[in-house]
Amino acid sequence: MAIDKVWSSQISHRAGELCLGGIAARSLATNFGTPTFFLDEQDFRDRARAWKSALVGAFGDHSGNVYYAAKAFICTEVARWVAQSRIGLDVCTGGELAVALAAGFPPERMQVHGNNKSMAEISQAIEIGVGVIVVDSLIEIARVASIAKSLGKSQKILLRLTPGIEAHTHESIATAHEDVKFGFSIASGAAWEAILKVCTHKEIELIGFHSHIGSQILATDAFGVAADRVIELAAKFRDEFGYELAELDLGGGFGIAYLPGDVPLLPEIVLPALWTAVESACQKYRLGIPKVSIEPGRAIVGPAMFTLYEIGTIKKVILENGAERNYISVDGGMSDNIRTSLYGAQYTGIIANRNCSDELALSRVVGKHCETGDIVIRDIYLPVDVVPGDLFAVPATGAYGRSMASNYNHVPRPPVVAVIDGKARVILRRETPADLLRLDM
Ligand code: LLP
């Protein structure tokens with residue numbers, strides 16, 4: 001039973017200990033070490049399925065694909081779960097593609113993204129027969145066309161459009177306003193120019209438009225505005241070319257709960273809202289309803305993982321206003337979770353190995369790296385009796401945690417351990433000092 005929606009479904013609490021799949025935190029730490037990312041496999045699979053069935057439920061015959069956004073977190077085992085969930089995969093680099101291929105992921109269910117795909121990445125994608133390439137620039141239109149021609153192939157593409165939306169999220173992860181590196185602006189006419197350009201190449205088949213407005217978005221309205229603008233352009237396309245584009249991809253970005261009280265954008269809420277927006281825009285512009293696809297990353301893997309740390313040192317400081325703050329250092333930090341320092345992201349966390357005092361103190365959970373910005377949780381009230389050796393669990397670290405992890409200060413990156421049916425297994429092992437040295441000549 002989940003103790004809060006920031007935790008995954010197989011989390012429970014027993015005698016003061018956090019348990020995943022019935023396995024207590026102390027036992028997880030003893031068997032796998034800390035810090036470690038623990039991945040609730042059932043929760044991941046259920047979320048992948050929930051997005052797929054909510055898309056079908058809302059869009060019926062007009063449902064396209066759910067593409068899991070690999071950038072949130074991927075390894076070969078997770079790519080296999082995605083394949084088994086009968087959904088597609090969005091990859092945006094040759095590296096993500098390599099993982100997908102190593103897992104045996106079917107290329108025809110992949111969609112390839114990126115604002116600066118290399119010639120090698122484009123060639124490989126076309127050669128192996130990926131389903132769709134999402135084309136981002138005029139230069140890329142020419143590149144995809146010439147590579148497809150030289151390989152004697154035809155490639156399906158979507159054009160990535162920027163519908164001019166200021167999504168309500170952190171500046172670094174909003175992607176659909178005008179002044180952005182991604183895609184073709186609708187307002188400036190760049191999108192129309194791209195359409196005309198595509199039509200000069202018979203090796204590329206334009207099947208529709210793509211729009212991704214940003215990440216960690218908690219309201220549905222911006223998706224609706226984006227859909228309206230993109231569909232308006234699709235109607236203009238129909239007027240000019242005499243046929244309708246079959247597909248529309250509305251991207252990912254569905255926000256999750258990081259703190260108790262956050263309201264996530266659940267599939268059963270956002271997809272019916274998207275259907276309403278798409279249906280009414282299609283009516284407004286007298287267009288048939290296309291097949292609609294989405295690309296959730298965070299919303300599938302984010303809530304399914306938590307990070308387990310061990311607490312090391314503890315120090316008390318007196319603040320300017322006379323109040324006290326405890327600095328609680330854990331054995332990881334900005335190398336396994338850069339989101340707090342990069343985006344001011346907020347997390348919650350608990351002492352995971354025992355019942356603690358009810359008396360709480362203002363605390364800051366920090367890592368072991370050599371800078372003051374190495375913060376896991378900026379402000380949190382934690383029990384006053386925390387001691388070195390206690391375990392500290394941070395929920396909702398599945399997306400953009402391990403995938404953005406670094407070796408700063410030559411800290412080995414943590415493993416990912418999957419838990420299902422009461423059994424835990426390493427799916428991505430912990431790095432070792434040998435891994436850190438393997439590139440040195
Ligand atoms: N599709 C496209 C084209 C994207 O660029 C992204 C994310 C997604 C789908 C998946 O978005 P999601 O559903 O996971 O929000 N590192 C940042 C997030 C960057 C997202 C980049 N693109 C963070 O930690 O918040």
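Keep in mind the model is a prediction, meaning the values are calculated, not measured.

*Asks:* Just checking my understanding: could you explain helix α5 (residues 119–128) for this structure?
*Replies:* Note on helix geometry: an α-helix contains 3.6 residues per turn, so any two residues three or four positions apart are oriented the same way. Every buried residue of α5 is listed here: Ile122, Ala125 and Ile126. Considered in projection along α5, the buried side chains sweep an arc of 95 degrees and stay on one side of the axis. α5 presents Ala120 and Glu127 as exposed residues on the side facing more than 90 degrees away from its buried surface. Buried residues along α5 sit in contact with β7 (110–112), β8 (132–135), α6 (138–151) and β9 (155–162). Positioned one or two residues after α5, glycine 129 has a phi angle of 85 degrees, which is positive.

*Asks:* I'm lost on the site of the ligand in this one. Help?
*Replies:* Taken together, 20 residues surround the ligand, and among them Ser215, Glu295, Arg298, Arg339 and Tyr400 come closest. Burial of the ligand by the protein amounts to 92% of the accessible area it has alone, namely 580 Å². Of the residues in the shell around the ligand, the class split is 6 nonpolar, 8 polar and 6 charged.

*Asks:* Hey, could you run me through the packing of helix α2 (residues 41–59) against helix α9 (residues 267–284) in this one?
*Replies:* In helix packing, the relevant descriptors are the interaxial angle and the interaxial distance, both defined with respect to the helix axes. Where α2 meets α9, the axes come as close as 9 Å, and the angle between the chain directions of the two elements is 35 degrees. In the packing of α2 onto α9, the handedness of the crossing is right-handed. Note on element contacts: α9 touches α2 through Pro267, Glu268, Val270, Leu271, Pro272, Leu274, Trp275 and Val278, opposite Ala50, Trp51, Ala54, Leu55, Ala58 and Phe59. A breakdown of the residues in the contact of α2 with α9 according to their chemical character gives 13 nonpolar, no polar and 1 charged.

*Asks:* For this particular structure, what's the right way to read the packing of aromatic side chains?
*Replies:* For any pair of aromatic rings, the description consists of the separation of the ring centres together with the inter-plane angle of the planes. Summed over the entire model, instances satisfying the criterion amount to 12 aromatic pairs. Ring geometry for phenylalanine 59 versus tryptophan 275: centroids 5.3 Å apart, planes at 90 degrees, classification edge-to-face. Here the residue phenylalanine 59 occupies a position in helix α2, and tryptophan 275 occupies one in helix α9, the gap between them amounting to 216 residues. For the residue pair phenylalanine 59 and tryptophan 275, the accessibility class agrees, reading buried in each case. In this structure, lysine 236 packs its charged tip against the face of tryptophan 192, placed 4.2 Å from the ring centre.

*Asks:* Please explain the state of the cysteines as it appears in this structure.
*Replies:* Two cysteines whose sulfur atoms are joined by a covalent bond form what is called a disulfide. On inspection of all chains with the given rule, the structure shows 0 disulfides. Cysteine 199 provides the cysteine sulfur closest to cysteine 282, a residue in no disulfide bond, and the two sulfurs are 20 Å apart. By relative accessible area, cysteine 282 is classed as buried at 2%.

*Asks:* What exactly am I supposed to notice about the nonpolar core here?
*Replies:* Note on soluble globular proteins: their nonpolar side chains tend to be buried together. Counting residues in hydrophobic clusters, the biggest one holds 111 residues, and the most contacted among them are Tyr68, Val78, Leu159 and Phe392. The dominant element in this core, judged by the number of residues it contributes, is helix α8 (residues 221–241), at 10 residues. Two domains each provide a minimum of three residues to this core, namely domain 1 (11–33 + 305–437) and domain 2 (41–301). Judged by nonpolar contacts, the second largest core, of 18 residues, contains Leu20, Ala29, Leu391 and Val417.

*Asks:* Explain helix α3 (residues 76–84) here, please?
*Replies:* Here α3 has its buried residues at Glu77, Val78, Ala79, Trp81, Val82 and Ala83. Elements that come into contact with the buried residues of α3 comprise β4 (36–40), α2, β5 (63–69), β6 (88–91), β20 (416–420) and β21 (423–428). In the segment just after α3, arginine 86 is the residue with positive phi, at about 60 degrees.

*Asks:* Whenever I open this one, the domain arrangement of the chain confuses me. Can you help?
*Replies:* It is common to report an interface's size as the accessible area lost on association of the parts. According to the domain assignment, the chain contains domain 1 (11–33 + 305–437) and domain 2 (41–301). Listed by partner, the interface residues are 20 residues for domain 1 and 20 residues for domain 2. Carbon and sulfur atoms make up 63% of the area that domain 1 and domain 2 hide from each other, which totals about 1,800 Å². Linking domain 1 to domain 2 there are 2 salt bridges.

What counts and how
- Residues numbered from 1 in each chain as written.
- Predicted model: local features only at pLDDT ≥ 70, side-chain atom pairs only at ≥ 80, totals over all residues.
- Heavy atoms only, no water.
- Buried < 20%, exposed > 50% of the residue type's maximum accessible area, 1.4 Å probe, protein only.
- Helix = DSSP H or I, 4+ residues; strand = E, 2+ residues; numbered from the N terminus.
- Arc of directions from axis to C-beta.
- Contact = heavy atoms within 4.5 Å.
- Near = heavy atom within 4 Å.
- Areas by Shrake-Rupley, 256 points an atom, 1.4 Å probe, with all protein chains shown as cover.
- Nonpolar A, V, L, I, M, F, W, Y, C, P; charged D, E, K, R; others polar.
- Axes fitted to C-alpha atoms, helices over the stretch in contact; angles between N-to-C directions.
- Left-handed = near helix turned anticlockwise from the far one by under 90°.
- Phe/Tyr/Trp six-rings, centres within 6.5 Å; stacked < 30°, edge-to-face > 60°.
- Lys NZ or Arg CZ within 6 Å of the ring centre and 35° of its normal.
- Disulfide = S-S within 2.5 Å.
- Core = buried A, V, L, I, M, F, W, Y, C linked by side-chain atoms within 4.5 Å.
- Domains from an automatic or database assignment.
- Buried area = accessible area lost by both parts, 1.4 Å probe.
- Salt bridge = Lys/Arg side-chain N within 4 Å of Asp/Glu carboxyl O.

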